[in-house]
Structure formats: structure tokens, C-alpha cells
Amino acid sequence: VENVRLLDRLSSRKAALGTLYLTATHVIFVENGSETRKETWVLHSQISSIEKQATTATGCPLLIRCKNFQIIQLVIPQERDCHDVYISLIRLARPVKYEELYCFSFNPKLDKEEREQGWKLVNLHEEYNRMGIPNNYWQISDVNRDYGVCDSYPTEVYVPKSATAHIIVGSSKFRSRRRFPALSYYCKDNNASICRSSQPLSGFSARCLEDEQMLQAIRKANPGSDFIYVVDTRPKLNAMANRAAGKGYENEDNYSNIKFQFIGIENIHVMRNSLQKMLEVCELKSPSMSDFLWGLENSGWLKHIKAIMDAGIFIAKAVAEEGVSVLVHCSDGWDRTAQVCSVASLLLDPYYRTMKGFMVLIEKDWLSFGHKFNHRYGNLDGDPKEISPVIDQFIECVWQLMEQFPCAFEFNERFLIHIQHHIYSCQFGNFLCNSQKERRELKIQERTYSLWAHMWKNRADYLNPLYRSDHSQTQGTLRPQMAPCNFLYKFWSGMYNRFEKGLHPRQSVTDYLMAVKEETQQLEEELEVLGERLANLQKSQLTDNKVKTKQQDGIKQLGLSTSNNSLANTPQEYSNDLKSFPSRSPSQGDEEDSALILTQDNLKSSDPDLSANSDQESGVEDLSCRSPSGGGCLPSEDSGKDSDEAVFLA
Amino acid sequence: MLRSSQPLTGPNRKRCREDEMLLGTVLDEGERGFIIDTRSAQAAKQARMTGGGTEPKSSYPQWRRLHRPLERGRPLQESFIKLVEACNDTSINMDRWLSRLESCRWLSHVKAALSTACLAAQCMDREEASVLVHGTEGTDTTLLVTALAQVILDPSCRTLVGFQGLLEREWIEAGHPFHLRCARSAYSHARLKQEAPLFLLFLDCVWQLSRQFPFSLEFSECLLLTLFDNAYASAYGTFLCNSEKERCLCKVKEKTHSLWAWLNQPGEKKKYLNPLYSHNALVIWPSVEPQSIQLWQGLFFRWIRSSQYLDEAWAEIQRLVEGN
């Protein structure tokens with residue numbers, strides 16, 4: 001469709017005119033007329049909702065909201081065309097078959113072996129070995145080898161030595177979705193462990209010998225403690241209500257030597273609504289401080305983040321400080337349980353704070369344990385009530401921790417943002433389907449590529465320059481401050497306002513420090529080389545008695561442009577109170593705008609953007625998603641009234 | 001950029017030829033200027049009843065008046081006190097923290113101050129127009145705006161030395177009554193009438209700038225904290241008294257030591273430098289969106305929460321930069 005305008009959402013005056021294309025996998029807007037064609041690409045998988053707004057004199061507005069929080073505002077001249085685009089997008093954004101997804105056509109031009117190697121990068125078997133398993137207390141069990149016991153669990157599960165197949169099977173029958181207690185994390189220093197499961201089908205009074213034996217086995221696997229914690233991550237009321245449905249929670253009377261604990265984290269519906277409310281706050285046009293703080297509090301979002309974090313802290317403390325094992329569950333054991341176990345693991349074990357370790361953590365607690373990626377993130381069209389930002393919350397917990405402990409993580413914010421992006425993008429096959437079983441049936445590893453391999457290849461972009469493995473902050477358990485700590489939870493504008501350039505610091509400290517680090521390293525290496533040469537020279541001088549002056553090779557001049565001072569930013573609109581006054585002016589034409597062909601090299605630093613890979617099949621050059629924030633040089637102007645009370649600058 | 005106090009128009013709309021001429025000489029033929037009045041239009045009008053007022057358009061035709069009300073005086077002090085109370089309150093749950101923070105209004109004041117300073121800067125840099133800033137007395141919100149605008153506009157005000165010069169010029173010599181304003185701080189029950197944390201508000205705004213432009217200020221948060229401390233209680237005479245006149249009468253220069261002399265000693269100076277600094281010749285335009293304005297944890301939680309991890313991060317940054 002031609003003559004479509006792409007508005008800068010923040011300043012309705014800035015509109016780029018161009019052509020809109022719809023392909024099998026993307027929506028593409030190509031700007032007319034500039035020397036360099038500016039392109040905006042959006043994957044259909046990213047589309048969360050499409051809103052057709054009232055036709056105005058200028059055309060028919062179409063608002064596309066994405067799962068990565070990008071918002072695209074288009075104005076299509078003809079109503080007929082707008083409607084066609086709308087209907088098409090609705091269909092394209094709601095695929096029915098997996099094969100419609102981008103990962104099945106995406107081609108990064110790797111050969112079969114490279115693809116396979118990519119999938120092998122993360123190996124859970126190695127991970128459990130690293131933890132020290134199998135050992136005297138824990139073993140691998142193949143009872144689920146054909147998914148016969150639990151179809152949402154992996155084929156390889158780790159259980160206490162004293163848990164026989166009989167006990168496992170018996171316990172699985174007493175657990176919701178047959179998700180029996182299995183090992184998530186083992187601390188070899190003190191034998192304490194984190195196990196996870198779903199809720200027991202205890203109702204008001206039902207018991208199951210094997211399930212009780214299972215918990216005993218977990219307890220016995222830790223000789224250092226005579227009890228285990230059983231942590232139910234649901235609010236007490238919800239758990240109790242479940243009893244009426246024949247499910248519920250563990251009765252301390254029936255299970256010997258357990259200490260039961262509720263840690264109320266709300267359910268997926270509450271979280272979905274919470275995010276929705278928060279995004280509405282983000283969409284407010286020039287909100288006051290009051291609007292923003294009230295809106296944020298109203299959404300409850302940070303409260304939920306803190307609840308998840310507090311649960312993780314409780315479990316980490318139990319393991320590290322008390323040396324007590326913990327069994328964690330919620331209802332089905334695949335949402336809150338995953339969040340809480342992975343936060344606890346991150347706090348406990350510095351390995352998970354490395355890039356590789358983090359990938360392993362997600363493979364373990366989210367993928368292998370059957371978190372329902374498809375249902376939660378809408379790979380395919382499904383029940384909207386299943387959609388919920390569960391892993392987004394976990395990723396945010398990690399970011400909050402990174403802010404509190406800047407030296408403790410090997411990776412940076414961009415790493416997290418890209419992972420979140422790709423969970424929804426379906427460009428890689430890692431996060432498809434609802435379980436390991438489904439992924440294997442679909443032969444994901446033979447037909448798609450692994451995100452981890454791709455990110456690993458680009459790991460230089462994802463490093464945290466402040467990370468040092470020998471730094472005190474990076475070692476051992478992380479102990480976030482308990483009360484008072486409300487103020488420590490910040491609004492993550494890097495994620496939720498990701499595409500609003502005007503909001504972010506113009507320059508990345510991370511990138512600068514990485515560049516400094518690299519340069520220092522190169523200089524040091526050169527220094528070494530020169531030192532050796534000098535030593536050799538001196539030696540040969542002594543032996544040969546010849547004096548030769550060598551012309552030194554030019555030392556690489558790494559001009560470190562620290563501040564890209566050419567990145568002049570623009571004043572936003574500093575007036576307030578005028579309704580029609582857009583509040584933010586877009587960033588001035590800067591490097592991002594001038595490098596308008598979006599190759600991977602150009603997408604750097606402050607634009608946390610994406611994998612650019614050529615796709616031969618669709619015949620398109622570069623695939624990257626781009627923020628629509630246009631390049632304007634002038635602050636938005638408004639035709640204001642001239643009066644004594646004139647409150648703005650015209 | 002000029003600053004003054006309010007014109008004494010009074011209820012009878014007095015005129016003053018000399019004042020009009022003075023402002024007239026600032027502008028060339030056909031040029032226009034902006035007057036940024038830090039009182040609301042209504043408050044400015046009401047000021048006439050007590051002998052003050054605003055510049056009538058007819059008498060100052062080349063000047064366009066903009067009102068940007070900024071809080072000062074008791075309400076600002078209350079805001080400060082409430083914020084400190086909230087920060088110390090360990091009983092607040094997460095689900096009430098943000099509304100409690102909001103009810104203090106401190107961050108709204110930061111937003112307003114930054115916005116107004118940016119407006120002044122915008123008039124000068126974008127409109128290439130002269131600006132006159134005043135409130136009532138010209139000693140509080142006026143100085144907040146002019147000083148902040150200069151940090152935004154002028155790279156030389158962002159150096160360690162330049163910033164000190166800015167403070168001397170726009171706060172101390174300009175007559176901000178430090179003795180009255182920085183008397184007892186937030187814990188005191190005294191509730192003095194003349195006390196108000198304008199200078200802290202200024203420092204907070206500068207901190208916001210340092211967060212948004214981490215490479216552009218030569219000085220670190222440590223300097224801002226030190227300035228805050230010394231404004232209230234100091235071993236040095238720099239922030240004593242309420243005006244140059246008083247300092248003269250008290251013979252401050254003869255009887256006390258200067259804070260600047262201490263800070264600038266080579267051994268001390270290091271603490272106050274920003275390892276990421278790199279001269280930025282451009283104007284720095286901050287975002288004043290609520291998401292961009294944060295609570296200054298380093299100040300408000302200074303004694304409540306260990307800054308160990310952040311300090312370690314800064315030490316690491318220092319190490320990386322020095323290693324290079």
C-alpha cells in the first residue's frame with residue numbers, strides 16, 4: 001500500500017511517508033524519498049494487537065502494538081486499504097500451524113553441522129554434572145523416557161537416590177498434571193537442594209503414600225537437615241480454594257518433617273492485567289509525575305516483581321544459610337514455580353550469572369520443565385486467557401538484580417532485552433511449543449536454528465564491562481537487601497519504553513566501557529609483543545654486536561570516540577498543560593537515523609535491536625526490527641495562542 | 001540570560017522608565033525576549049496587592065512573559081520533610097510505596113525545575129532570544145532556573161572548576177540566603193519559616209542530568225553530596241550568611257577557609273571527578289518524562305542502605321578507565 005504515513009507516536013507531527021508491505025513473515029514500512037531507504041520491519045509474531053482507529057481527514061489510523069512493547073502508528077489513506085491491511089494482519093498475527101512461523105523459513109546460511117552444533121551449545125546433562133550429580137544422594141531417572149509418566153517433563157529427571165520408580169510413578173499420580181517433585185538445583189557445598197513440582201491432589205483429606213515417601217526421599221538426600229521447606233507460591237486463599245477442587249497443598253500433619261510456607265504470588269490472570277495497566281501508563285501522552293506514579297502503583301507491577309524476588313530470596317536463604325532443602329510448587333508448577341526457582345538459582349550460583357549459565361538456566365527451569373511458551377506467548381493463535389508475561393517478569397527480576405549488583409553479571413541489559421524479544425519473535429526454534437515432548441515431535445532442532453548459538457556468536461555485544469569473575473560481587477550468593485528496599489525496584493524504561501529514544505541516555509556507558517576494555521587489552525597485547533621484540537633485540541645486540549634500529553609497525557590507533565558528540569539530542573517539549581501538546585520530541589537526526597540501511601553493524605549501542613540476517617528465500621536484504629521514531633530536528637511546535645497566560649512556546 | 005526580582009508595579013500599575021530602558025537595551029531593534037516568571041499567573045497578579053507584580057506588556061513590548069510556577073518556601077520544605085520521612089519508614093509495603101512517594105511531591109518539583117530550566121535554555125539556544133528570569137525576590141527559584149539552565153547550555157559549567165564558579169556566581173554571590181534556607185534540614189521539628197531546600201533541589205536536578213548524560217559532567221555524585229552537606233553544616237565559610245554584604249560584615253574571607261580551596265587540592269579532587277567525563281561541547285537536553293526522573297537514592301537513602309555494590313561498580317569503572 002502506497003502513501004502510508006508512519007507517525008512518530010510521541011510527536012504526531014513527525015510522519016514519514018512511504019510504502020507498506022505485508023509479507024508472509026513481516027510487516028515492512030519503507031520510507032520514500034530519502035537518500036537512504038529507511039525501513040521498519042515488524043515480525044507478525046511480535047504483533048500483540050491491532051487497533052483500527054476512527055478515520056480522520058488525513059486517513060485511517062492503524063495502531064499496531066507489539067509484544068516487545070514497540071508501537072507502530074500508521075495512517076493509511078484509503079479506508080478500503082486500511083481495512084484490508086487490518087484483516088490481513090489479524091490473520092497473519094494469529095498463525096494456526098507452527099510451520100507458519102518465521103523460524104521455519106529463516107535462513108542464516110549455516111550448514112547442517114553448524115545448525116546441529118548450535119543446538120548442542122547448551123547441554124543439561126553437563127549442567128547437572130557440574131552441580132555434582134549423579135552422586136550419593138541424587139540420581140538420574142529414566143522413568144519418563146517416553147514421557148509416559150509426565151508429558152510436560154523432560155525425559156531425563158533427577159531424583160533422590162531413595163526415590164524408586166514406584167515412588168515416582170505413585171507420586172506423579174498425586175500431583176496436578178502428574179508433575180512430581182524433581183530436582184531443579186543442587187548445592188554441593190551443603191547438599192541442600194531446590195526441587196519443584198505441582199500441587200498435590202490432596203483435596204481436604206486425600207493422602208498418597210508414595211508422594212509422602214517422595215518428600216521424605218528429598219529430605220533424606222540432605223543429611224545436614226532434618227526437615228525440608230515446602231513453599232507454595234500461591235496466595236493462601238487461592239491454594240485453599242483449590243482444595244475444594246480436589247487439589248490443594250501439603251498438610252504438615254501428613255508429611256513428616258516439612259515446614260510449610262505460603263508466599264503469595266498472584267496468578268497469570270492478575271499478571272496479564274497488571275502488565276496491561278502498566279502499558280497504559282506508558283502510553284499516556286505527557287503524563288505528570290503524579291499520573292505516572294499513581295498509574296504505576298495502580299498496575300501493581302512492581303509489587304509483583306518484588307513478590308517473585310522475595311520468594312527467590314527466601315529459597316536462596318533457606319539453601320545457602322540454613323542448609324535446608326526446599327520443594328517449590330504453585331498450581332501446575334510451570335509458571336510461578338519456574339520464576340521462583342530460577343531467581344533462587346541465580347542468587348545462589350554465580351554460574352547462572354554468566355552468559356552461558358543463564359542460557360542453561362532457561363533451558364533447565366523453563367524449557368525442560370515444560371513452561372508453556374506457546375500458550376503464554378502466543379506462538380499460535382490460542383486462548384487469550386492463557387497469555388501472561390511470566391518469563392518477562394523473571395527477566396525483569398534479573399534486570400532489577402543487575403541494577404543492584406552492577407558487577408555481578410557477565411551479561412548486560414541488552415542481552416536480556418534481546419532474549420525477551422526472541423521469545424516472542426519465533427525467529428529461532430528454542431521457545432516454540434509447550435513442552436520438550438512437543439518440540440521433539442516437531443523436530444525443532446532439525447528444522448530451525450538455535451537462538452543461543454546466534455547470541456553466543458555475538459556475545460561481545462552482550463558483555464558487562466564491569467564483570468570480573470574474581471570480583472567479590474560476582475562470587476558466592478547474592479544477598480539483596482531486605483527491608484527497606486521498595487525504592488530499589490525501578491521502572492524498567494529500557495524494556496517498556498525501549499523504542500522511545502528520547503527517554504534514554506544518549507550514549508551507552510556499557511558500550512563505552514567495553515570499548516575501553518577492548519582497547520586496553522589490545523594495547524597490553526601490543527605492549528607484550530613489543531616487549532618481546534625489545535628483549536630479542538637486546539639479546540641479538542649482545543651476540544651480534546650489531547645495532548639495528550627497527551622501524552616499529554604503526555601502533556594501531558584506536559581512536560576512542562568516547563562521547564559521540566555528534567549525537568546532539570533534541571529538546572523535548574518542556575511546556576506542559578496543553579492537551580494537544582505532544583510531550584516528547586523525537587531524537588534529532590543522529591547516527592541511527594543516518595545509517596538507515598539496517599545492517600547488523602549499524603544497529604549498535606543505544607538501540608537494543610536485533611538480529612539482522614539475510615533471508616534468501618523471501619528475497620529481502622536485512623531483517624531487523626526498527627523503531628519508528630523518526631528523525632526530527634526541531635522541537636514540536638504548536639500553534640499557540642498569544643495571551644498573557646500563554647503557557648507555551650510557539 | 002538575566003535575573004532579577006519582581007517589578008514593583010503595585011496595585012496602581014506604576015511604571016519605571018529606567019527599568020524599561022534597562023530591559024530595552026538588552027534587545028536589539030525587532031528582537032524579542034522572554035520573561036520567565038517562576039510564579040503562577042495568578043500569584044503574580046496577586047503580588048500587585050502587596051506592591052509587587054509583573055511587567056505589563058504595554059511597557060515592555062518586546063518581552064513575552066511566560067509563567068512557570070515553581071514551588072518554594074514552606075511547601076517545598078514540607079515536601080522535603082515528607083520525603084525523608086517516607087524513605088525512613090520501614091513499614092510501607094510495596095503496594096503503597098509509589099503513592100507515598102508521589103504524595104511528597106518532591107519528584108514533581110524536580111520535574112518542574114528541570115522543565116523550566118530547559119525552557120529558558122530553549123529560548124536562548126533555539127529561539128536565540130534573551131531571557132529574564134525572576135520570581136518574587138529573585139533569590140530562590142530564580143537562581144534555581146538560571147543556574148540549571150547554564151549547566152544545560154554551557155559545557156564550561158559542567159567542568160569541576162566551572163561548576164564551582166557557577167555556584168559562586170549564581171547561588172552565593174547572587175544572594176541566595178543560605179543561612180536561612182539551609183538551617184535545620186529535614187529532621188528538625190523547628191519548622192522555620194524561612195527554611196527551604198532550593199539548593200538541594202538544584203543539586204538533585206544536576207544529579208538527574210548526570211544520570212542522563214553520564215559522560216558530560218566532569219564531577220561525580222560525591223561532589224553533589226559534599227555540597228549538600230556543606231550547605232547545611234560546614235567547616236568552611238563558603239556557604240555562610242545570606243549575602244555578600246553579610247559575609248563582608250562578618251569578615252568571612254579573613255576568618256574562615258574556603259571550601260573550594262579544600263576540594264581542589266590534588267589529593268581531594270580525585271574523589272569528586274567523574275571517570276567517564278569527556279568534554280561535550282553541545283547543549284544537553286534532558287528528558288523530563290516521569291520515567292526519566294528518578295529518586296536520588298545516593299542522597300535520600302545514604303544512611304539507610306549500603307551503597308557498597310554501587311561504589312564497587314564505580315571503582316571498577318575507575319579501574320577500567322585508568323587502566324586505559
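Residues numbered from 1 in each chain as written. Chains lettered and ligands numbered in written order. Predicted model: local features only at pLDDT ≥ 70, side-chain atom pairs only at ≥ 80, totals over all residues. Heavy atoms only, no water.

- Under an unreviewed UniProt entry, the name given to chain B is MTMR9 protein, and the source organism is Aramus guarauna.
- Taken directly from UniProt, the Sequence similarities (unreviewed entry) text for chain B runs: "Belongs to the protein-tyrosine phosphatase family. Non-receptor class myotubularin subfamily." (UniProt positions renumbered as here; feature names shortened; annotations may be inferred.)

- The name an unreviewed UniProt entry gives chain A is MTMR7 protein, with Aramus guarauna as the organism.
- Listed in UniProt under the heading Sequence similarities (unreviewed entry), the comment for chain A reads: "Belongs to the protein-tyrosine phosphatase family. Non-receptor class myotubularin subfamily."

Quick word on the overall build of chain A
- Each helix and strand counted, chain A has 20 helices and 14 strands in total.
- A total of 650 residues make up chain A; the buried ones form 58% of that total.
- Nonlocal contacts in chain A, meaning residues at least 24 apart in sequence, comprise 70% of its contacts between residues at least 6 apart.
- For chain A, the accessible surface area stands at approximately 26500 Å², while carbon and sulfur atoms represent 49% of it. (Helix = DSSP H or I, 4+ residues; strand = E, 2+ residues; numbered from the N terminus. Buried < 20%, exposed > 50% of the residue type's maximum accessible area, 1.4 Å probe, protein only. Contact = heavy atoms within 4.5 Å. Areas by Shrake-Rupley, 256 points an atom, 1.4 Å probe, with all protein chains shown as cover.)

Regarding the sheet that holds strand 1 (residues 2-4) of chain B
Residues and elements named next belong to chain B.
- Strand order in the open sheet formed by 4 strands is 1-4-2-3, with parallel pairing between adjacent strands. Each end of this open sheet is capped by a strand with a single partner; those strands are strand 1 and strand 3 (63-67). Across the sheet, the mean angle from the axis of one strand to that of its neighbour is 25 degrees, orientation sign disregarded.
- In terms of strand pairing, strand 1 meets strand 4 (residues 130-134) through 3 bridges, oriented parallel. For Arg 3, the partnering residue across the bridge sits in strand 4 and is Val 133.
- Set on the sheet, helix 6 (residues 141-153) makes contact with strand 1 and strand 4; between it and strand 1 the angle comes to about 170 degrees. (Pairing = 2+ DSSP bridges. Axes fitted to C-alpha atoms, helices over the stretch in contact; angles between N-to-C directions.)

Digging into the UniProt feature "active site" (unreviewed entry) in chain A
Residues and elements named next belong to chain A.
- Within this numbering scheme, the UniProt entry marks Cys 330 as carrying the feature "active site" (unreviewed entry).
- Accessibility expressed as a relative area gives 2% for Cys 330, which makes it buried.
- Every residue in contact with Cys 330, bar those within four places of it in the chain, is listed here: Ser 197, Ser 198, Gln 199, Asp 232, Thr 233, Arg 234, Asp 335, Arg 336 and Thr 337.

Looking at the UniProt feature "domain: Myotubularin phosphatase" (unreviewed entry) in chain B
- The sites that UniProt annotates as "domain: Myotubularin phosphatase" (unreviewed entry) are residues 1-300 of chain B.
- Helix makes up 48% of residues 1-300 of chain B and strand 6%. Its end C-alpha atoms lie 32 Å apart.

What about the packing of helix 5 (residues 106-125) of chain B against helix 9 (residues 198-212) of chain B?
All names here are of chain B.
- Relative orientation of the contacting elements helix 5 and helix 9 amounts to 75 degrees, with a least axis distance of 10 Å. In terms of axis orientation, helix 5 runs roughly perpendicular to helix 9. Of helix 9, the residues touching helix 5 (which contributes Trp 106, His 109, Val 110, Ala 113 and Leu 114) are Leu 200, Leu 201, Asp 204, Cys 205, Gln 208 and Leu 209.
- Tallied by class, the residues present in the contact of helix 5 with helix 9 amount to 8 nonpolar, 2 polar and 1 charged. (Parallel < 35°, antiparallel > 145°, perpendicular 65-115°, else oblique. Nonpolar A, V, L, I, M, F, W, Y, C, P; charged D, E, K, R; others polar.)

So, the pairing of strand 7 (residues 71-76) of chain A
Residues and elements named next belong to chain A.
- For strand 7, a buried count of 6 out of 6 residues is recorded, marking the element as mostly surrounded by other parts of the structure.
- Here strand 7 shows a buried face lined by Ile 71, Gln 73 and Val 75 and a second buried face lined by Ile 72, Leu 74 and Ile 76.
- Relative to strand 7, strand 1 (residues 4-7) is paired through 3 bridges, and the arrangement is antiparallel. Considered in strand 7, the bridge of Leu 7 is made with Gln 73.

What about the pairing of strand 2 (residues 15-22) of chain A?
Residue and element names in this part refer to chain A.
- Where strand 1 and strand 2 come together, 4 bridges link them in antiparallel fashion. Counted as the bridge partner of Leu 6 is Ala 16 from strand 2.
- Linking strand 2 back to strand 3 (residues 26-31) in an antiparallel pair, the connection comprises 3 residues.

A few points about the side chain of B:Thr38
Residues and elements named next belong to chain B.
- On the secondary structure map, Thr 38 appears in the loop between strand 2 (33-37) and helix 2 (41-47).
- Side-chain polar atoms of Thr 38 contact the side chain of Thr 141, separated by 2.6 Å.
- For Thr 38, the residues in contact, after removing those within four places along its chain, are Arg 68, Pro 69, Leu 70, Val 133, His 134, Gly 135, Thr 141 and Val 145. (Polar contact = N/O pair within 3.5 Å; in protein donor to acceptor, adjacent residues only side chain to side chain.)

As for the sheet that holds strand 13 (residues 258-262) of chain A
Residues and elements named next belong to chain A.
- One open sheet accounts for 5 strands, arranged 10-11-14-12-13; its pairing is mixed. The open sheet is flanked by strand 10 (182-186) and strand 13, the only strands paired with a single partner. Taking each pair of neighbouring strands and ignoring which way they run, the sheet shows an average axis angle of 25 degrees.
- The pairing of strand 10 with strand 11 (residues 193-197) spans 4 bridges and is antiparallel. Counted as the bridge partner of Leu 183 is Cys 195 from strand 11.

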